[in-house]
Amino acid sequence: MKISTSLIHEHNVKHESGAVIAPIIMATTFERNEDQLTYPQGYLYSRWDNPNRASLENKLAIVEGGTTAICFASGLAAATAVFQSLKSGDHIVMADDTYFTMRTIVNTLYAGFGLSYTLVDMTNLEELKNAIQPNTKLIWMESPSNPAIKVTDLAAVVQIAKVHNCFTVADNTWATPFYTKPLALGVDIVLHSTTKYLGGHSDILGGALIFKEQNERTEFIKKVQMYSGAVPSPFECWLLCRSMTTFTARMSIHSSNALKLAKYLEKEPKIDRVLYPGLPSHPQHIIAKKQMKGGYGGMLSILVKGGREPALKLCSLLKLFTHATSLGGVESLIEHRVSIESADSKTPDNLLRISVGIEDIDDLIADFKQALKLL
Ligand SMILES: *Cc1c(COP(=O)(O)O)cnc(C)c1O
């Protein structure tokens, strides 16, 4: 089955009434069988596992083509579980514009645990090779990156990681499995903030890890989920399963809208640059074309001529693009990115990050036209 079909038809939770939509099992505990030892479907206590979470993890494994998926209460809880699987003295190489809180986790939560990291431009493979140390265990990628929209050649990084016995993580939140399949390119673990495109409606916080194979690290991370308990509730799992039934339909519109908006903005004289992997002017367009199948996703960044002030003014002049953080929802959002990032952020102060929604593209372009006229 293709993804769109299996996301609709894969149900772990069926109701005896014949209800077409899966029920929500809110129970925290499950009754034993008559032997007083076993459980009817193996569910014992909801933090360990429950029917709605099992259903979600099954869908997540299918959508990324993984052997197994483990879900968490947020994208950062999922990321933290990966860092917890490292040992004191281990070193990480991370893309320099990885989602900025990843660094904060290692710097603050793991400050006393002996983890270290080096930031590199992941599009520069020589820089990556030079950053690898004898104790490097993990290479952390994000493509397209946030907010510079750099595209990493995932397969090329995997080759380098294999030579040095490192495992690889790709944060696939932005590209989504509809456009990029990191596991098929040899990446070990895919990370998602399911808060974004998989949730799709800006109303569920969630995260997930999807694994290429089952190994000791997979087992350990499963224990992090079970014992640390940063798990989504059955209701959130159910809601996310519901959202995922329309995932492929939404993505096609996000992506075609983003391409049209990017092409239009590139011609606007008040915009200095448009960063979108689907534009031939993008520095890694060739890699994007090879790696991203069928489209380039819904995220783009623009650099506004004149610096910080006109960038902020443009945000206030737009009527359909809400000035807010986050991404991946049906509604279009715009954000002056540097104002939310940490003090050492290298993001230019005229950069606006846009999450293109699924509104009618004519309305979105008309909104930019009226705003740029007043700028
Ligand atoms: C939002 C985001 C995260 C963090 O996820 P939360 O669900 O907010 O914890 C991680 N990576 C990327 C690329 C994101 O956009």
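First things first, this report covers the structure right here in the doc. Predicted, not measured: the structure shown is a model, and the values here were computed from it.

Looking now at the overall build of the protein chain. Counting secondary structure elements, the protein chain contains 13 helices and 12 strands. For a compact globule of 375 residues, the expected C-alpha radius of gyration is about 21 Å, and the protein chain comes in at 21 Å, within 12% of that figure. Across its three principal axes, the protein chain shows a C-alpha extent of roughly 75 × 55 × 35 Å. Expressed as a percentage of contacts within the protein chain between residues at least 6 apart in sequence, the contacts between residues at least 24 apart total 69%. Measuring between centres, the 37 positive side-chain charges of the protein chain sit 4 Å from its 37 negative side-chain charges.

The environment of the ligand is made up of 14 residues, and the closest members are Leu 76, Asp 171, Ser 193, Thr 195 and Lys 196. Contact between the ligand and Leu 76: an oxygen atom at 2.9 Å from a main-chain N or O atom of the residue. Isolated, the ligand exposes 390 Å² of accessible area, and the fraction of that covered by the protein chains is 93%. Each residue belonging to the shell around the ligand can be placed in one class, and the counts come to 5 nonpolar, 6 polar and 3 charged.

Here we take up the pattern of salt bridges. All chains considered together, the criterion is met by 12 salt bridges. Across the pair Arg 53 and Glu 57 runs a salt bridge whose closest N-O atoms are separated by 3.9 Å. Placement of both Arg 53 and Glu 57 in helix α2 (residues 51–64) is noted, with a separation of 4 residues, approximately one turn of the helix. According to the relative accessible area criterion, Arg 53 is buried, its value standing at 0%. Among the salt bridges present, the one from Glu 57 reaches Lys 222, with a minimum N-O distance of 3.9 Å. A residue pair is termed long-range when its members are at least 10 positions apart, and Glu 57 in helix α2 and Lys 222 in helix α8 (residues 216–228) qualify at 165 residues. Note on Glu 57: relative accessible area 9%, which makes it buried. Each of Glu 335, Arg 337, Glu 341 and Arg 353 takes part in salt bridges that share partners, so that together they form one network.

What follows concerns the pairing of strand β2 (residues 91–95). By the criterion of burial, β2 is predominantly enclosed, with 5 of the 5 residues buried. Burial of the side chains of β2 extends over both faces: His 91, Val 93 and Ala 95 are buried on one face and Ile 92 and Met 94 on the other. In the classification by handedness, the crossover that spans β2, the intervening helix α4 (residues 101–109) and the parallel strand β3 (residues 116–120) is right-handed. When β2 meets strand β4 (residues 136–142), the two strands line up parallel, connected through 4 bridges.

On the basis of which strands lie adjacent, the open sheet formed by 5 strands has the order β8-β9-β12-β11-β10 and mixed pairing. Edge positions in the sheet fall to β8 (271–275) and β10 (322–323), since each of these pairs with one other strand and no more. Strand direction decides the pairing type here: strand β11 (residues 333–336) and strand β12 (residues 351–355), joined by 4 bridges, are antiparallel. When the bridges of β12 are listed, Leu 333 appears paired with Ser 355.

Sheet strands pair via backbone hydrogen bonds, and the direction of the pair is either parallel or antiparallel. Reading across the sheet, the 7 strands line up as β1-β7-β6-β5-β4-β2-β3 and stay open at both edges, with mixed pairing between neighbours. Looking at the sheet topology across the chains shown, the edges are occupied by β1 (68–72) and β3. Strand after strand, the sheet turns through a mean of 20° between neighbouring axes, direction not considered. As paired strands, strand β5 (residues 167–171) and strand β6 (residues 189–193) are joined by 3 bridges and run parallel to one another. Opposite Val 169, over in β6, you have Ile 189 as the bridge partner. Lying on the sheet, α2 is in contact with β1, β6 and β7 (207–211); it crosses β1 at an angle near 125°. Seen against the sheet, helix α6 (residues 154–163) touches β4 and β5 and runs at an angle of roughly 175° to β4.

The peptide bond linking Ser 143 to Pro 144 adopts the cis configuration, its omega dihedral lying at -10°. Within the secondary structure layout, Pro 144 lies in the loop between β4 and α6. Look at the link from Asn 146 to Pro 147: it is a cis peptide, with omega at 0°. Position of Pro 147 among the secondary structure elements: in the loop between β4 and α6. If you check the backbone angles, Asn 165 has positive phi at about 55° while not being a glycine. With a phi close to 65°, Thr 176 is a non-glycine residue in the positive phi region. Structurally, Thr 176 can be placed in helix α7 (residues 176–179). Under the relative-accessibility criterion, Thr 176 is labelled buried at 1%.

Using the criterion set out here, one finds 10 aromatic pairs in the structure. When the centroid spacing of 6.0 Å and the interplanar angle of 80° are considered together, the rings of Trp 48 and Tyr 227 count as edge-to-face. Here Trp 48 is found in the loop between α1 (3–9) and α2, whereas its partner Tyr 227 is found in helix α8, with 179 residues between them in sequence. Overall, the relative accessible area of 34% leaves Trp 48 in the partly exposed class. Ring centres of Phe 321 and Phe 368 lie 5.0 Å apart, and the angle between their planes is 70°; this geometry places the pair in the edge-to-face category. Placement of Phe 321 in the loop between α12 (308–317) and β10 and of Phe 368 in helix α13 (residues 361–374) is noted, with a sequence separation of 47 residues between them. A connected cluster of aromatic rings, assembled from ring pairs, spans Phe 178, Tyr 179 and Phe 247. It is Arg 217 that lies over the ring of Phe 167; its NZ or CZ is 3.7 Å from the centre.

What counts, and where the lines are drawn
- Residues numbered from 1 in each chain as written.
- Predicted model: local features only at pLDDT ≥ 70, side-chain atom pairs only at ≥ 80, totals over all residues.
- Heavy atoms only, no water.
- Helix = DSSP H or I, 4+ residues; strand = E, 2+ residues; numbered from the N terminus.
- Rg over C-alpha atoms; globule rule 2.2 N^0.38 Å.
- Contact = heavy atoms within 4.5 Å.
- Lys, Arg positive; Asp, Glu negative; His and termini not counted.
- Charge placed at Lys NZ, Arg CZ, Asp CG, Glu CD.
- Near = heavy atom within 4 Å.
- Polar contact = N/O pair within 3.5 Å; in protein donor to acceptor, adjacent residues only side chain to side chain.
- Areas by Shrake-Rupley, 256 points an atom, 1.4 Å probe, with all protein chains shown as cover.
- Nonpolar A, V, L, I, M, F, W, Y, C, P; charged D, E, K, R; others polar.
- Salt bridge = Lys/Arg side-chain N within 4 Å of Asp/Glu carboxyl O.
- Buried < 20%, exposed > 50% of the residue type's maximum accessible area, 1.4 Å probe, protein only.
- Right-handed = clockwise from strand over helix to strand, strands pointing away.
- Pairing = 2+ DSSP bridges.
- Axes fitted to C-alpha atoms, helices over the stretch in contact; angles between N-to-C directions.
- Phe/Tyr/Trp six-rings, centres within 6.5 Å; stacked < 30°, edge-to-face > 60°.
- Lys NZ or Arg CZ within 6 Å of the ring centre and 35° of its normal.

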